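An overview of the molecular structure
Now for the letters of each chain:
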Amino acid sequence: MGEEGIIEFLVAFGWGNGYNGERTDVRWKNGEEYMDLFEYAKSKTMEKESPLASRLRPVTLDEVVGQKHIVGKDKLLYRAIKADKLTSVIFYGPPGTGKTTLAKVIANTTSASFTQINATVAGKKDMEAVVKQAQDDLGMYGKKTILFIDEIHRFNKGQQDYLLPFVEDGTIVLIGATTENPYFEVNGALLSRSIIFELKALETEEIKELILRAANDRVKGMGSYGAVIEEDALEFLADMAGGDARSALNAVELGILTTPKSEDGKIHITLEAASECIQKRVVRYDKRGDNHYDIISAFIKSMRGSDPDAAVYYLAKMLYAGEDVKFIARRIMILASEDIGNADPQALVVAVAAAQAVERVGMPESQIILSQAAAYMACAPKSNAAVNAISAAMDSVKRTRTTVPAHLQDAHYGGHEKLGHGIGYQYAHNFPNHYVEQQYLPTEILGEKFYELSNMGYEKTLKEHMRRIKGE
């Protein structure tokens, strides 16, 4: 039977109600949608053969796991999707957190036309075609068009500018998805016309829920395989996923497809099998237990103790076990002031830059940035003068009541100069070495010392400078 005969056969049995000799113009029963029957058959095949993570994508909002801060039933996005009153939005978050999933849910619930393009491959002609169709749909049928652009940060300024007038006049409702900070990567004009929703990495319990759904769902998941995921394997997979649902589901799919059945006729996903599927050796590192604190403690003490080898080793151990890179970066920033301080003021600059970089870059490249920062901290000259200074000053504040000396008080408002405020103050820049000896501490604690410069690194230079300007 030829192509035309197949279509006529389907039409005769009620699948379509007309055929004009072209495959793309078969009209379905609702009288509105046109569909190529062979494309339809292809899409059904792809649904069965597509990766598990794709098959398990939620169809409705109620099936979405995680992101309750934006899709909880009392939240703006939930209400907007349910009411089909969505305005332009940008979903921002790490991979595997549900940006595309939310777009697909919107596609399944909206009455508007829904079109998807990927910024990595789409060009201006693709956008022109979408805009033209959107204008026709709006003009002829009063039907809005939702355009989902995945990886929107990949569009250059010109491509983003092209969309702006059509977003502004309502021809297109834009949904952008990006793993990069939109405030850096997306046109400011588009941002001002969009609501930004930040998606968070999924919690371990949420990843567990998805893994169990994947293993037990007999329609979209792998329930027909009779797989049993052991508790320690479930915990390991959820933890190693690092909040990325796609990573966890890919590991589950690989494990079930490659693990032979046991004597009881079931596929048992053990901790060993899970480790092989995610290609990570099981490391004893409980992020909620004592071992977590032992490792981070050893990491900090190694940097403080000027041992870069040990510092990088404990860093690797944390990274391998899936520790949050932002947590590690925060600890490095604290150490830069607590244990290095002005012995090397550049240490804090390096630490802050590393913290910002890991947020923008992500893994696996972030491990290089953290390695550089940790090694720098370990090799830098050390001083805890800043810690001692603020500790002593806080103690003094708690136990004494003081008054700011009159000559240091503000004399610029409320007639305070008439009250003697600011009178007698000597402007340091009018004196040699830009220094003049005068009272700065309150009289009640005059003579107390808080910041004691060490002889380490740049603090030695600062100490010599202070002695020189004071003529000591």
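Let me sum up the structure you'll find in this document.

Conventions and cut-offs
- Residues numbered from 1 in each chain as written.
- Predicted model: local features only at pLDDT ≥ 70, side-chain atom pairs only at ≥ 80, totals over all residues.
- Heavy atoms only, no water.
- Buried < 20%, exposed > 50% of the residue type's maximum accessible area, 1.4 Å probe, protein only.
- Helix = DSSP H or I, 4+ residues; strand = E, 2+ residues; numbered from the N terminus.
- Pairing = 2+ DSSP bridges.
- Core = buried A, V, L, I, M, F, W, Y, C linked by side-chain atoms within 4.5 Å.
- Contact = heavy atoms within 4.5 Å.
- Expected span 1.5 Å × (residues − 1).
- Polar contact = N/O pair within 3.5 Å; in protein donor to acceptor, adjacent residues only side chain to side chain.
- Axes fitted to C-alpha atoms, helices over the stretch in contact; angles between N-to-C directions.
- Patch = residues over 30% accessible without salt bridge, like charges linked within 9 Å, V, L, I, M, F, W, Y side chains within 5 Å.
- Areas by Shrake-Rupley, 256 points an atom, 1.4 Å probe, with all protein chains shown as cover.
- Salt bridge = Lys/Arg side-chain N within 4 Å of Asp/Glu carboxyl O.
- 1 Å grid on protein atoms, 1.4 Å probe; cavity = no way out; pocket = protein on both sides within 12 Å on 5 of 7 lines; lining within 4 Å.
- Points joined across faces, edges and corners; volume = space filled by probe spheres on them.
- Nonpolar A, V, L, I, M, F, W, Y, C, P; charged D, E, K, R; others polar.
- Phe/Tyr/Trp six-rings, centres within 6.5 Å; stacked < 30°, edge-to-face > 60°.

Moving on, we get to the pairing of strand E4 (residues 172-178). Within E4, 7 of the 7 residues are buried, which leaves it mostly tucked inside the rest of the structure. Sheet topology places strand E1 (residues 89-92) next to E4; 4 bridges connect them, and they run parallel. Paired with Ile90 across the strands is Gly176, a residue of E4. Inspection of the sheet shows strand E3 (residues 145-150) paired to E4 by 6 bridges, in the parallel sense.

Turning our eyes to something else, we now look at the nonpolar core. Ile207, Ile211 and Ile229 are the most contacted members of the largest nonpolar core, which has 31 residues in total. Listed by contribution, the elements that provide at least two residues to this core are helix H3 (52-55), helix H11 (204-216), strand E6 (227-229), helix H12 (231-240), helix H13 (245-258), strand E7 (267-269) and helix H14 (271-277). Every residue in contact with Ile211, bar those within four places of it in the chain, is listed here: Ile229, Leu234, Leu237, Ala238, Ala248, Leu249 and Val252. With 30 residues, the next largest nonpolar core counts Ile295, Met303, Ala311 and Ile369 among its residues.

Turning next to helix H16 (residues 308-320). When the terminal C-alpha atoms of H16 are compared, their 18 Å separation across 13 residues agrees well with the 18 Å that a helix rising 1.5 Å per residue should span. For H16, the full list of buried residues reads Ala310, Ala311, Leu315, Met318 and Leu319. Capping the start of H16 is the job of one residue whose side-chain oxygen sits 3.2 Å from the backbone nitrogen of Asp309: Asp307. Count one or two residues on from H16 and you reach Gly322, which has phi positive near 90 degrees.

So, on to the sheet that holds strand E2 (residues 113-118). Across the sheet, which stays open at both edges, the 5 strands sit in the order E2-E3-E4-E1-E5 with parallel pairing between neighbours. The two strands at the open ends of the sheet, each matched to only one other strand, are E2 and strand E5 (195-198). Here the average twist between neighbouring strands, direction ignored, is 15 degrees.

Next up on the list: a nonpolar patch on the surface. There is a patch of nonpolar side chains on the surface, built from Tyr425, Tyr427 and Tyr440 and spanning about 340 Å² of accessible area. With respect to the secondary-structure elements, Tyr427 resides in the loop between helix H20 (385-399) and helix H21 (457-470). For Tyr427, a relative accessible area of 44% corresponds to the partly exposed category.

A word on the layout of surface pockets. By rolling a water-sized probe across the atoms, one finds the places where empty space is left. Here the largest pocket defines a volume of roughly 1700 Å³. Along the walls of the largest pocket sit 47 residues, with Pro94, Ala201, Gly242, Asp324 and Val325 positioned nearest its centre. With 6 residues, the single largest contributor to the lining of the largest pocket is helix H18 (residues 346-361). Counted by class, the lining of the largest pocket contains 19 nonpolar, 13 polar and 15 charged residues.

A separate point is the packing of aromatic side chains. Considering all chains together, one arrives at 3 aromatic pairs under this definition. Here the aromatic rings of Phe91 and Phe197 are separated by 6.3 Å at their centres, their planes lie at 45 degrees, and the arrangement is tilted. With a gap of 106 residues between them, Phe91 in strand E1 and Phe197 in strand E5 connect regions that are remote in the sequence. The class for Phe91 is buried, based on a relative accessible area of 0%. Relative accessible area serves as the criterion here: at 9%, Phe197 is assigned to the buried category.

Our next topic: empty space enclosed by the protein. Summed over the entire model, instances satisfying the criterion amount to 1 cavity of 30 Å³ or more. Roughly 40 Å³ of internal volume is contained in the largest cavity. At the level of secondary structure, the elements contributing two or more residues to the lining of the largest cavity comprise helix H5 (76-82) and helix H6 (99-109). In the lining of the largest cavity, the residues fall into 5 nonpolar, 2 polar and 2 charged.

To continue, consider the pairing of E1. A two-sided burial pattern is seen for E1, the buried positions comprising Val89 and Phe91 on one face and Ile90 and Tyr92 on the other. Strand direction decides the pairing type here: E1 and E5, joined by 4 bridges, are parallel. Counterpart to Val89 in the pairing with E5 is Ile195.

The next thing to look at is the environment of Ala329. Along the chain, the position of Ala329 falls in helix H17 (residues 325-340). Ala329 sits 41 residues away from Leu370 along the chain, and the two C-alpha atoms are 7.0 Å apart.

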